[in-house]
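Per-entry structural report
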Amino acid sequence: MNEPSVHVLPDLAAVSDALAREFVRCVRETPAARPFRVALSGGRTAEALYRVLADRDRYGSAVSWARVRFFWSDERWVPPNDPASNHDLARRCLLDPLGVSREQVHPVPTWLADPSAAASTYERTLAEGVEAGTPPLDWVLLGLGEDGHTASLFPGASALAERERWVLGIEDSPKPPPQRVTLTWPLIGRARAVHLLAAGASKRQAVADGLGAPNNLARYPTHGTRLGAAQAHWWLDAAAAP
Ligand code: 6PG
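It should be emphasised that the depicted structure is a prediction, and the values quoted were computed from it without experimental measurement.

**Considerations on the side chain of Arg76**
Tracing the backbone shows Arg76 in strand 4 (residues 74-76). Despite its burial, Arg76 remains without a salt bridge, the nearest opposite charge being carried by Glu75 at 4.9 Å. At 3.0 Å, the side chain of Arg76 forms a polar contact with the side chain of Asn86. The residues touching Arg76, leaving out its near neighbours within four places in the chain, are Ala84, Asn86, Thr110, Lys175, Pro177, Gln179 and Arg180.

Below you can see the structure in the form of structure tokens.
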């Protein structure tokens, strides 16, 4: 077991700033010869972080963004530029403001026949260009739902029992839309760094369960943050902290 490291700051602005600083540190620590591969989450909480990272007066110029390859921790089954898409959220709040080139961006292929086909294709996309001995992802950002879900891994979902596949299609998400594509813990757990971000009193119980309940991955999807090779980090505002 690898108990997560917990960081609590007064409010979402302070959490976003601290997590942005951590992102910059991680990019700078990665050998410049290879791309920095990040998987982004969806959600309103992540939006605050993206806007801070895109702020050229603060962090936008602190990172060699041309080195970064953008993937997603999960995606709703909507077109990539649908306003409900996690890709579109990052495009509006982070990628376009930074002028990131399309070649650096790898959206989940939600234009394919179904989530299962998209998951198989995305697994291949994630595996492309991964040098032997390096992690498939350098940095995974996860959100947290009030029901305890993270990415599109929901309590009781069969996807939580997956031990091999890196990406799965979801047909029964309790959070609309029902169809999604999600990274799995076998992949997330191999990342060099996993950062879970949660803010607001509505997340407090999910945080308490995720950090304090006895191991039960089927019931508490965030218990996957205890299983990775690297120590995961939880970033919380005071309202979400137990
Ligand atoms: C999604 C997200 C999901 C999100 C959490 C938190 O597709 O909905 O990836 O996992 O991160 O539900 O969302 P909020 O930050 O908006 O509460």
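Now, onward.
**Observations regarding helix 4 (residues 86-98)**
Side chains that are three or four residues apart share a direction in an α-helix, a result of its 3.6 residues per turn. Look at helix 4: 17 Å from first C-alpha to last across 13 residues, which is about the 18 Å you get at 1.5 Å a residue. At Arg92, helix 4 is deflected by roughly 50°, the largest bend along its length. Every buried residue of helix 4 is listed here: Asn86, His87, Asp88, Leu89, Ala90, Cys93, Leu94, Leu95 and Leu98. Packed against the buried residues of helix 4 are strand 2 (36-40), helix 2 (44-53), helix 3 (56-60), strand 3 (68-72) and strand 4. Looking one or two places after helix 4, you find Gly99, whose phi comes out positive at around 70°.

**Side note on helix 2**
Taken together, the buried positions of helix 2 are Thr45, Ala46, Leu49, Tyr50, Val52 and Leu53. Buried positions in helix 2, seen along its axis, are confined to an arc of 160° and lie on one side of it. As for helix 2, its buried residues are in contact with helix 1 (12-29), strand 2, helix 3, helix 4, strand 5 (139-142) and strand 8 (194-198).

**Things to note about the pattern of salt bridges**
For the coordinates displayed, the defined rule picks out 12 salt bridges. Of the charged contacts, one joins Arg25 and Glu29 as a salt bridge, the two residues approaching to 2.5 Å between their closest N and O atoms. Placement of both Arg25 and Glu29 in helix 1 is noted, with a separation of four residues, approximately one turn of the helix. Relative accessible area serves as the criterion here: at 39%, Arg25 is assigned to the partly exposed category. A salt bridge links Asp74 to Arg180; the nearest nitrogen and oxygen atoms lie 3.5 Å apart. Here the residue Asp74 occupies a position in strand 4, and Arg180 occupies one in strand 7 (residues 180-183), the gap between them amounting to 106 residues. Arg180 shares its class with Asp74; the two are buried. Salt bridges here are not isolated pairs; linked through shared partners, they connect Asp88, Arg91, Arg92 and Asp96.

**So, the sheet that holds strand 5**
Pairing within the open sheet is parallel, and its six strands lie in the order 1-9-8-5-2-3. Only two strands of the sheet have a single neighbouring strand rather than two, namely strand 1 (5-9) and strand 3. Here the average twist between neighbouring strands, direction ignored, is 20°. Taken together, the five bridges between strand 2 and strand 3 define a ladder with parallel strand orientation. Paired with Phe36 across the strands is Val68, a residue of strand 3. In the packing of helix 7 (residues 204-212) onto the sheet, the strands contacted are strand 1, strand 8 and strand 9 (233-237), and the crossing angle to strand 9 comes to about 150°.

Here is what the cut-offs are and how they apply
Residues numbered from 1 in each chain as written. Predicted model: local features only at pLDDT ≥ 70, side-chain atom pairs only at ≥ 80, totals over all residues. Heavy atoms only, no water. Helix = DSSP H or I, 4+ residues; strand = E, 2+ residues; numbered from the N terminus. Buried < 20%, exposed > 50% of the residue type's maximum accessible area, 1.4 Å probe, protein only. Lys, Arg positive; Asp, Glu negative; His and termini not counted. Salt bridge = Lys/Arg side-chain N within 4 Å of Asp/Glu carboxyl O. Polar contact = N/O pair within 3.5 Å; in protein donor to acceptor, adjacent residues only side chain to side chain. Contact = heavy atoms within 4.5 Å. Expected span 1.5 Å × (residues − 1). Bend = angle between axes of the 7 residues up to and from the residue. Arc of directions from axis to C-beta. Pairing = 2+ DSSP bridges. Axes fitted to C-alpha atoms, helices over the stretch in contact; angles between N-to-C directions.

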